[in-house]
Amino acid sequence: MTHKLSDGGQVLHVGMLARVEGEGGMHIEIHNNVVQSVKLNIFEPPRFYEAFLRGRKYTEPPDITARICGICPVAYQTASVEAIEQICGAETTPEIQAMRRLLYCGEWIESHSLHIFMLHAPDFLGFDSVIEMAADYGDVVEMALRLKKAGNDLMTLVGGRAIHPVNVKVGGFYRMPTKLEMLALRPAIASGLEEAFATIKLVSTFDFPEMEQAYEYVALRHPDYYAIERGTVVSTSGTAFPVREFPDHVKEFHVAHSNALHAQLDGAMYMVGPLARYTLNFAQLSERCKAAAKEAGLGETCRNPFKSIIVRAVELAYAFEEALRIIDEWKDGAAPSVTVTPRAGEGCGASEAPRGTIFHRYVLDAEGVIQDAQIVPPTSQNQPAIEADLREAAQSWVDMDDHDLTHRCEHAIRNYDPCISCATHFLDLRVDRS
Amino acid sequence: MTRAAGAEPLVVGLGSPDRGDDGVGPTVAGAIAGLGLAGVRVSAHEDPTDLIHLWEGVDVAVVVDAVMSGHAPGEIVLCEVGRGEGPLPESCWAKTGRGGTHAFGLAAAVELSRALGHLPPRVVLVGIEAASFDHGAPLSPAVEAAVGPAVAQVRAVLTDASAGLDA
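Residues numbered from 1 in each chain as written. Chains lettered and ligands numbered in written order. Predicted model: local features only at pLDDT ≥ 70, side-chain atom pairs only at ≥ 80, totals over all residues.

Remarks on the domain arrangement of chain A
Residue and element names in this part refer to chain A.
Here comes step 1: Here chain A is described as being made up of domain 1 (2-45 + 383-433) and domain 2 (49-381).
Here comes step 2: Using C-alpha coordinates to define each centre, domain 1 is positioned 27 Å away from domain 2.
Here comes step 3: With 31 residues of domain 1 at the contact, the number on the domain 2 side is 28 residues.
Here comes step 4: Counting residues per element, the ones that place at least two in the side of domain 1 that touches domain 2 are β4 (34-41), α12 (378-396) and α13 (402-414).
Here comes step 5: When residues in the side of domain 1 that touches domain 2 are grouped by element, the largest group, 8 residues, is from α12. (Domains from an automatic or database assignment. Contact = placed C-beta atoms within 7 Å. Helix = DSSP H or I, 4+ residues; strand = E, 2+ residues; numbered from the N terminus.)

A short note on the pairing of strand β7 (residues 216-221) of chain A
Residue and element names in this part refer to chain A.
Here comes step 1: For β7 and strand β12 (residues 270-271), the ladder comprises 2 bridges, and the chain directions are parallel. Each bridged residue has a counterpart across the sheet, and for glutamate 216 the counterpart in β12 is tyrosine 270.
Here comes step 2: The sheet contact formed by β7 and strand β8 (residues 232-235) spans 4 bridges and is antiparallel. Among the inter-strand pairings, alanine 219 is bridged to a residue of β8, identified as valine 234. (Pairing = 2+ DSSP bridges.)

Brief notes about the sheet that holds strand β5 (residues 122-129) of chain B
Residues and elements named next belong to chain B.
Here comes step 1: Spatial ordering of the open sheet is given by β2-β1-β3-β5-β4, a layout of 5 strands whose pairing is mixed. Pairing within the sheet leaves two strands with one partner each, and these edge strands are β2 (41-45) and β4 (76-80). Going from strand to strand, the sheet's axes swing by 20 degrees on average, the running direction of each strand aside.
Here comes step 2: Across 8 bridges, strand β3 (residues 60-67) lies against β5 in parallel orientation. Bridging from a neighbouring strand, valine 64 pairs with valine 126 of β5.
Here comes step 3: Across the sheet, helix α1 (residues 24-35) touches β1 (10-14), β2, β3 and β5, and the angle it forms with β1 is around 145 degrees. (Axes fitted to C-alpha atoms, helices over the stretch in contact; angles between N-to-C directions.)

As for the nonpolar core
Here comes step 1: Core analysis: the biggest nonpolar cluster contains 176 residues, and Leu154(A), Ala313(A), Val314(A), Ala317(A), Leu390(A), Val62(B) and Val154(B) have the highest contact counts within it.
Here comes step 2: Sorting elements by how many residues they give to this core places helix α4 (residues 94-125) of chain A first, with 14 residues.
Here comes step 3: Residue-level mapping places this core at the junction of two domains, with at least three residues from each of domain 1 (2-45 + 383-433) and domain 2 (49-381) of chain A.
Here comes step 4: If we skip the residues at most four places from it in the chain, Leu390(A) touches Met26(A), Ile28(A), Val38(A), Cys409(A), Ala412(A) and Ile413(A). (Core = buried A, V, L, I, M, F, W, Y, C linked by C-beta atoms within 7 Å. Buried ≥ 20, exposed ≤ 12 C-beta atoms within 10 Å, placed from the backbone.)

Observations concerning the packing of helix α3 (residues 73-88) of chain A against α4(A)
Residues and elements named next belong to chain A.
Here comes step 1: Contact pair α3 / α4: the axes reach a minimum separation of 9 Å and the direction vectors enclose 155 degrees. By the criterion of interaxial angle, the relationship of α3 to α4 is roughly antiparallel. Here α3 runs over α4; the crossing is left-handed. The segment α3 lies against α4, with Val74, Ala75 and Thr78 engaging Arg100, Leu103, Tyr104 and Glu107. (Parallel < 35°, antiparallel > 145°, perpendicular 65-115°, else oblique. Left-handed = near helix turned anticlockwise from the far one by under 90°.)

Rendered as structure tokens:
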């Protein structure tokens, strides 16, 4: 919707931004073709999960925090159990870590395939939604649904169900899936792997607006593999620190126009997510993924946010590769969990959610009752970067008509696959011109 | 009667068992499964996108789900939404189908299935008007009381479908 301002300017209003997880608002003011201000308005009341956790038992965070998001519950579960286990001095086994990584691969597969095809591809192919897209690209949508189903099936096998898994506990799992059960999924995972590589090729043919981000990228890094379920924090400026020092470097703060806390790393804006992971950990991708990325036109770093769809496709293929590797190497007989005895202390955990690094911190008393909890999801951290991208997009394409500029701005937001549901709801996009 | 392969009727209970009356779909599906009806496939799912694969190749699908349509809690609403009924109005699915995947609902699943050619000729929604979706809550009394009548409705649809096939 477009209308004139009293000062001769213009308001462009979209009632609800489409194809993002959750709902929120955006306000852009343009005067004399110069962008004056950009605000990502997240005005849904806070959900108070951190407060809910206080007074609960040390065993409860994986089940409580999984409820924050239906798309990335494993990210919350993994970071929470890591933090609690750190406090309690519990050392998990390699088998438990492998199973956590397998479960997390299921989440990456599910989340990335949903975003690539159902939320992001319609931007490039000129459709309002995957439903309209299906009429012309039925084969592509069928492939997307198969990919998502493979992720769902992995989540169901390892996590007990596809949404909000129930098999995760502090110390490991309630039950380990058997090799036989895993092998039943193997054909679909193997087929999904090839379709993921086909996805890389497909999305690389899209037209990408030119845009470069200069922000600091932050991700976890693990010495042995492309970080998913654990690691230490690294950044493109060379900053590196263990997860327990996250609160020393990352400061959350409130801004008036958002009920989700913003964050800065050592006083500056930064970005987490697939582009950051890819840029910081490219060397740890498989040779096949590296080759496919290069064939798709990516370098060893990627700073064009519109190309995040290619990076997600590369990570989708990597998640399938890792799932196959874990299934093939699995041997039955490992204990599903280790004993975790509560003790007083503070602990931190972090993992790589599909949208970027997620951080949890807990304080327990001697009986294992939670005294304090802090959760920093990726979309909260990315709010300043989203706003910076919007400012640049709105300015770069200010000569577009309102319809096209609005779409370009929405597209710039969707590059991040923001999960506003993780913090709040309702997005309403508005551009004021004068 | 001999059915074509893959043509056995499908009953799906849709909803989360941990969200109050949203669990009525899985509850009714569980009751139907308990009847042991021959030649009827029964399952429960939380994610409506699962339907797109589940009902591919099926002639008759019955979806049992909690609804909020302005009726009194526990009232049962029947809707025919299969291929034979024509597309749903855009207002039914546009907000969810063009939203995030958290919001992707039954109507969007119906229309995406239609676009892909997966929508069965006959899909019957047995909707039970809900009163509450509280976390961890049991079914509300009105919805609990509607489980039996909903099971009867599902059986009536299956009987009708069977008669249609026999004919």
